[in-house]
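Working through the structure, step by step
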Amino acid sequence: MHRIILHIDMNSFFASVEQQANPFLRGKPIGVTGKRSSLERSVVAAASIEAKRLGVKTAMSTWEAKRICPSLLLVSGDPKKYSVITKRFNDILRKFSPLVERFSVDESFVDITEQAKDELGAIAIALEIRDQLRKICGELITASIGIAPNKFLAKLASESVKPNGLVFIRPQDAIHFLDTMNLQDACGIGPRTARHLEQLGVISFPQLRALPLDLLVREFKGFGFWLHSVARGQDRAPILATEEKAKSMGHSYTLRHDTWDPHEIRHYLLALSDRVAWRLRRDGFVANAVSVSLRYGDFGGESGEHRFSEPTDDGLTLFRIAWQLMEQWRDPLRSVRLVSIAASKLSTGSVPTSLFKKEQKFASVLPALDRLQRHYGTDAWTRASLLSTRFHERSSGFNYDHEV
Amino acid sequence: MHEIINDAVDVEVTFSSNHVAPRRMRWNERNYEIRTVNLVHSAMEGMKRVFYFSVSDLTNYFKLRLDTDLLEWRLVEIYSDG
């Protein structure tokens, strides 16, 4: 028996939540952006259905979106509001099956093979999910639903019926359905892969199917096997109902203005290091490596990684190493737009006690600071040097800042 | 017009069907009749849970914040059409 997989994708998610909260935004072209303080440096994280009809696209810069659609209303994103709806959405799905995989903040896969039994059962479940979404999350929160024998086809199917559509792809119809879609509509075939395929003379699914497996493997290595399978509508990837263990923990931040000032860059790097270190301690990890990267105002970037001889979970240690690393390659003549740091090679365990008294003292203060943070939230304490360094919340496609 | 504020306000609520719903608000010496509760969400601030009510009358959208520690209502956002 073949599997029955749903892919449910909430339409214009952040924008729909804003229109649900504020009825005066309904029926209007709106764009949800990043930080309130710097709308003009931001991008459109989500456009309402009305804005999309007028040509506004997700990830478009706000100035370009305004140029295309002068009536566009820019609304600053509210990640706390969206995260509650994401949770309600996944709670609804779990009522129908325990096999729910959160794919991003606004889309999930559900395996309903056992519960649905057949096509009619699957459609009934999909309609019930849509009804509960309306009742529990609000009438403006709608979703496109693709039902198919695997994740690859289900996602492609939901993409094909946006917004607010429902489609069932039978196993025997998979090839016919694939052949109506563009290669780049498929999740996993990005611009780079598409360019590579084009060089091989492939711009459609029938042409991809015609390529022999050995050629695909020669050109794409292991990824060639996947391309060979999906071109035939086959995908054995299971539903990942449990979240994978973290392999790294990182934070990045786009500054409110591009800067050449090393003090400002240092301050943001230190504040980001403290955030990463807090997450390490909170989740019982220590880092054995740190990586740091910069994006310049001209959108070029550089990065570097350093492995420690002893693990750490201390923000100041992460910062010192990251800053040293960054200063080896940072170009002082180019302005900096984005700073990013990640702790990696994570392991569980404790940090060795330092031989130096000053470091021992600070290590003894950290548990108290962590208790404060746990009780009063992220802004419970800060270093005196960082009093003027402020982060503004933003929304992203996969996680919410306030939850990580 | 959209404004971010943080003013303490008086709020009258009803408790019905296991839900609390703001019905009237007094702000800046004026009373506002709340017509619809559009969305309710909560957020943790450390160990404290804070509730946000996105509500509206005929011409305004209000975002109200209920601090469950202090049992205090604040008006944190207002949006007026036009």
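Because the structure is a prediction, the values reported are computed rather than measured.

1. Let's talk about the packing of helix 1 (residues 13-21) of chain A against helix 4 (residues 79-94) of chain A
Residue and element names in this part refer to chain A. Two numbers describe how helix 1 lies on helix 4: the axes approach to 10 Å, and their chain directions differ by 100 degrees. The angle between helix 1 and helix 4 places the two elements in the roughly perpendicular class. Along its contact with helix 1, which presents Phe 13, Phe 14, Val 17, Glu 18 and Ala 21, the element helix 4 presents Lys 81, Tyr 82, Ile 85 and Thr 86. The residue inventory of the contact of helix 1 with helix 4, partitioned by class, reads 6 nonpolar, 1 polar and 2 charged.

2. Observations regarding the pairing of strand 7 (residues 143-148) of chain A
Residues and elements named next belong to chain A. Of all 6 residues making up strand 7, 6 are buried, and the element is well covered by its neighbours. What you see with strand 7 is no split at all: Ala 143, Ile 145 and Ile 147 on one side and Ser 144, Gly 146 and Ala 148 on the other are buried throughout. Pairing geometry for strand 1 (residues 5-10) and strand 7, over 6 bridges, is antiparallel. Within the sheet, the bridge partner assigned to Ile 8 lies in strand 7 and is Ile 145. As paired elements, strand 7 and strand 8 (residues 166-168) share 3 bridges and run parallel to each other. When the bridges of strand 8 are listed, Ile 145 appears paired with Leu 166.

3. A short note on the sheet that holds strand 2 (residues 30-33) of chain A
Within a sheet, adjacent strands bond to each other through the backbone by hydrogen bonds, running parallel or antiparallel. All names here are of chain A. Ordered by their spatial adjacency, 3 strands build an open sheet running 3-2-4, and the pairing between neighbours is mixed. The open sheet has two edge strands with one neighbour each: strand 3 (46-47) and strand 4 (73-76). The sheet contact formed by strand 2 and strand 3 spans 2 bridges and is antiparallel. Across the sheet, Gly 31 pairs through a bridge with Ala 47, a residue of strand 3. Contacting strand 2, strand 3 and strand 4, helix 1 runs over the sheet at an angle of about 110 degrees to strand 2.

4. Here's the deal with the UniProt feature "binding site: Mg(2+)" (unreviewed entry) in chain A
Residues and elements named next belong to chain A. The positions that UniProt labels "binding site: Mg(2+)" (unreviewed entry) are, in the present scheme, Asp 9 and Asp 106. Judged by maximum C-alpha separation, these annotated positions cover 98 residues in sequence but sit close together in space, the widest gap being only 6.0 Å. As for its position among the elements, Asp 9 is in strand 1. Residue class for Asp 9 comes out buried when judged on its relative accessible area of 4%. Filtering out sequence-adjacent residues up to four positions away, Asp 9 remains in contact with Asp 106, Glu 107, Thr 142, Ala 143, Ser 144, Ser 158, Glu 159 and Lys 162. Inspection of the secondary structure assignment puts Asp 106 in the loop between strand 5 (100-104) and strand 6 (107-111). When residues no more than four places from it in sequence are discounted, the contact partners of Asp 106 are Ile 8, Asp 9, Met 10, Phe 13 and Phe 89.

5. A closer look at helix 1 of chain A
With 9 of 9 residues buried, helix 1 of chain A lies mostly within the body of the structure. Burial in helix 1 of chain A covers these residues: Phe13(A), Phe14(A), Ala15(A), Ser16(A), Val17(A), Glu18(A), Gln19(A), Gln20(A) and Ala21(A).

6. Brief notes about the UniProt feature "active site" (unreviewed entry) in chain A
Residues and elements named next belong to chain A. UniProt records the feature "active site" (unreviewed entry) at Glu 107, using the numbering of this structure. Here Glu 107 is to be found in strand 6. According to the relative accessible area criterion, Glu 107 is buried, its value standing at 10%. With residues near it in sequence (within four places) discarded, Glu 107 still touches His 7, Ile 8, Asp 9, Phe 89, Glu 101, Arg 102 and Lys 155. Among the polar contacts made by the side chain of Glu 107, one reaches the side chain of His 7 at a distance of 2.7 Å.

7. Comments concerning the sheet that holds strand 3 (residues 19-27) of chain B
All names here are of chain B. Spatially, 3 strands are ordered 2-3-4 in an open sheet, and the strand pairing comes out antiparallel. Every other strand in the sheet has two partners, leaving strand 2 (10-16) and strand 4 (30-33) as the edge strands with one partner each. Strand-to-strand twist in this sheet, taken as the mean axis angle between neighbours without regard to direction, amounts to 25 degrees. As paired strands, strand 3 and strand 4 are joined by 4 bridges and run antiparallel to one another. Residue Arg 24 lies in a different strand from strand 4, and its bridge partner there is Glu 33.

8. Comments concerning helix 14 (residues 315-329) of chain A
Across its 15 residues, helix 14 of chain A extends 22 Å between first and last C-alpha, which sits within 8% of the 21 Å expected from 1.5 Å per residue. Turning to helix 14 of chain A, the residues buried within the fold contact helix 13 (262-282), strand 10 (285-296), strand 11 (301-312) and strand 12 (336-344) of chain A.

9. Thoughts on the confidence of the model for chain B
Residues with a pLDDT of 70 or more make up 99% of chain B, whose mean pLDDT is 93. Here the predicted complex scores 0.82 on pTM and 0.95 on ipTM.

10. Describing the domain arrangement of chain A
Size of an interface, as often reported, equals the accessible area lost when the parts are brought together. Partitioning chain A into structural domains gives domain 1 (1-171), domain 2 (182-243) and domain 3 (248-400). Taken over C-alpha atoms, the centre of domain 2 of chain A sits 38 Å from the centre of domain 3 of chain A.

11. Comments concerning the packing of helix 4 of chain A against helix 6 (residues 119-137) of chain A
All names here are of chain A. Orientation of helix 4 relative to helix 6, taken along the N-to-C sense of each, is 145 degrees, at an axis distance of 10 Å. Between helix 4 and helix 6 lies a crossing whose hand is right-handed. Packed against helix 4, whose contacting residues are Ile 85, Arg 88, Phe 89, Ile 92 and Leu 93, the element helix 6 presents Ile 129, Gln 132, Leu 133, Ile 136 and Cys 137 at the interface. Here the contact of helix 4 with helix 6 is composed, by residue class, of 8 nonpolar, 1 polar and 1 charged.

12. Describing unusual backbone geometry
Residues Lys162(A) and Pro163(A) are joined by a peptide bond in cis, for which omega reads -10 degrees. Locating Pro163(A) in the fold gives a position in the loop between helix 7 (151-160) and strand 8. Although it is not a glycine, Ala59(A) adopts a positive phi angle of roughly 75 degrees. Phi at Glu29(B) is positive, roughly 65 degrees, even though this residue is not glycine. If you trace the backbone, Glu29(B) turns up in the loop between strand 3 and strand 4.

13. Comments concerning the interface of chain B and chain A
Taken residue by residue, the interface counts 23 residues in chain B and 23 residues in chain A. For the pair chain B and chain A, the two sides together bury roughly 1,600 Å², of which 58% comes from carbon and sulfur. Summed over the shared surface of chain B and chain A, the result is 1 salt bridge. Here Lys63(B) ties to Asp78(A) by a salt bridge, and the two come within 2.7 Å at their closest N and O atoms.

How each quantity is defined
Residues numbered from 1 in each chain as written. Chains lettered and ligands numbered in written order. Predicted model: local features only at pLDDT ≥ 70, side-chain atom pairs only at ≥ 80, totals over all residues. Heavy atoms only, no water. Axes fitted to C-alpha atoms, helices over the stretch in contact; angles between N-to-C directions. Helix = DSSP H or I, 4+ residues; strand = E, 2+ residues; numbered from the N terminus. Parallel < 35°, antiparallel > 145°, perpendicular 65-115°, else oblique. Contact = heavy atoms within 4.5 Å. Nonpolar A, V, L, I, M, F, W, Y, C, P; charged D, E, K, R; others polar. Buried < 20%, exposed > 50% of the residue type's maximum accessible area, 1.4 Å probe, protein only. Pairing = 2+ DSSP bridges. UniProt positions renumbered as here; feature names shortened; annotations may be inferred. Polar contact = N/O pair within 3.5 Å; in protein donor to acceptor, adjacent residues only side chain to side chain. Expected span 1.5 Å × (residues − 1). pLDDT = per-residue confidence, 0-100. Domains from an automatic or database assignment. Left-handed = near helix turned anticlockwise from the far one by under 90°. Buried area = accessible area lost by both parts, 1.4 Å probe. Salt bridge = Lys/Arg side-chain N within 4 Å of Asp/Glu carboxyl O.

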